[in-house]
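# Architecture and fold: a report
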Amino acid sequence: MAAFPIILWTLHYVICILATDYEDVQYINGMPNKISVLPDGSCRCQKELTKWDKLFVMLEDSQMKQNMLQHAIQEVCRVDCRRMQSEVHQVTAACADTAARAVERAMSQLAARADWKPAYKVEDFGKSKTENESEQKNTLQQLLTVTQDLSVRLQALETSWQKAMLVTFQSSSQDGNELAQRKPETFLDSFGPPRPGGDDAETQRCSATHVLPSGYEMALIFPMRSRTIYASVHPDTMTLSSFTASVWVKASALQEKTVVFSYGTRRNPFEIQLYLSRSSAIFSVHANTSRAVAHNAVSLGEWSHLCASWDSSHGNATLWVNGQVAASLSGVAVGRVVPDRGLLQLGQEKNGCCVGGGFDKNLAFAGKLTGFNIWDRVLSEHEIQSLASRESSRSMAGNVVAWGVTEVQAHGGATFIYH
């Protein structure tokens, strides 16, 4: 701003000079005007200047003053720029100092907050951990109390049951004195497998109710109908042109369809099926359209032996119940071979595309199951009747699936029990 009056003064001065009459100009700024000297050495004052000479003198003088004006303006601008640069440096230094102090203050506040928050979190975590441990202790204490109460109830129930069974045996025994003189160990032995000629029919029936059939020591128990409770069987191969499947079942619930075992592939989930419909047993191969149906085959709470056989050459499908032919069909899946790489399951039906998928609790089996065997041939009538007997079937094991040898995995709440 200080250079602006100087520039105005200089412009005014130039205007005044240009307005001056150049007719008698001999000196410019105290210096002789060399243009007034002619080439022959004579002086302009000796002769009258023409208009063109005067014009040239005016232009040269104007050019000189213009150069002087530009030089003055450059000096003024240089001084102002230096002063402005100094002021900018001062302002920048002041701002940098202020910003540095502000950043330092902000960092101090953040550090203080960071130190405070972890301490707060650690304190909260300690409180939460203490509360969780207290809740866990309370839950465990309640569980222990319930377990003790359940144990007491089970002991009372067992005592009552033993008393009731003792009264039943005493009433059915021909010699009450002999029964009363038995040792407790001998009495408890009556719940084992029946001994030939040692017990009467009532004792045999009661023993058969509480032990596994055919001398098997292991069984699968399915406590309830659920889509997650089942067992998967893993044989080496299931490529079959004929087969016989044998199983002992004791159902605790009978619905419209209760699956005992099923085998299916991705292409056909219903390759082999054996299921219960109320008190009937139904056997199908390849599809659910051709079925062998055995009526009044099973009863609630009682062991029943089911055996199903099929051969592809003639398509004969036969269903045996407790060693007797209960249903048969011909022309079932003639010439077909049961493919490998499927899923063999107990207590459920595979109607999905993956393991554990597509299960329906309304099709689930509830009860006990044992003695599941599969052969790659059709067994004879004598072999099937031996399987249905309670004495000799344990020694006959399948060559495709052998109970107690082939891997069986229990899922959900299905568990193995041993006697």
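Refer to the structure presented above.
Residues numbered from 1 in each chain as written. Predicted model: local features only at pLDDT ≥ 70, side-chain atom pairs only at ≥ 80, totals over all residues. Heavy atoms only, no water.

What follows deals with the overall build of the protein. Across its full length, the protein holds six helices and 16 strands. For the protein, the proportion of its 419 residues judged to be buried stands at 35%. Restricting the contact set of the protein to residue pairs at least 6 apart, pairs at least 24 apart contribute 67%. Here the protein has roughly 25900 Å² of accessible surface; of this, 57% comes from carbon and sulfur atoms. (Helix = DSSP H or I, 4+ residues; strand = E, 2+ residues; numbered from the N terminus. Buried < 20%, exposed > 50% of the residue type's maximum accessible area, 1.4 Å probe, protein only. Contact = heavy atoms within 4.5 Å. Areas by Shrake-Rupley, 256 points an atom, 1.4 Å probe, with all protein chains shown as cover.)

Let us look at the environment of Val338. Its place among the elements puts Val338 in the loop between strand S12 (324–329) and strand S13 (343–346). Note on Val338: relative accessible area 1%, which makes it buried. Taking the C-alpha atoms as reference points, Val338 and Thr239, separated by 99 residues in sequence, lie 5.4 Å from one another. Ignoring sequence-local partners within four residues, the contact set of Val338 consists of Met238, Thr239, Leu240, Tyr263, Ile272 and Trp310.

Okay, the pattern of salt bridges next. One pass over the full model with this rule turns up six salt bridges. Ionic pairing is found between Asp80 and Arg83, a salt bridge with its closest N-O pair at 2.8 Å. Residue Asp80 and its partner Arg83 are located together in helix H2 (residues 51–172), separated by three residues, close to a single helical turn. Classification of Asp80 by relative accessible area gives buried; the value is 14%. A salt bridge links Glu383 to Arg377; the shortest N-O distance between them is 3.2 Å. (Salt bridge = Lys/Arg side-chain N within 4 Å of Asp/Glu carboxyl O.)

Applying the stated rule across the entire model yields zero disulfides. Among the cysteines around Cys77, which has no disulfide bond, Cys81 carries the closest sulfur, lying 6.3 Å off. (Disulfide = S-S within 2.5 Å.)

This brings us to the sheet that holds S12. Across the sheet, which stays open at both edges, the seven strands sit in the order S12-S11-S10-S5-S14-S3-S16 with antiparallel pairing between neighbours. Each end of this open sheet is capped by a strand with a single partner; those strands are S12 and strand S16 (415–418). Shown here is a sheet whose adjacent strand axes are inclined to one another by a mean of 25 degrees, direction ignored. Note that strand S11 (residues 316–321) and S12 share five bridges and pair antiparallel. The partner of Trp320 across the bridge, within S12, is Val325. (Pairing = 2+ DSSP bridges. Axes fitted to C-alpha atoms, helices over the stretch in contact; angles between N-to-C directions.)

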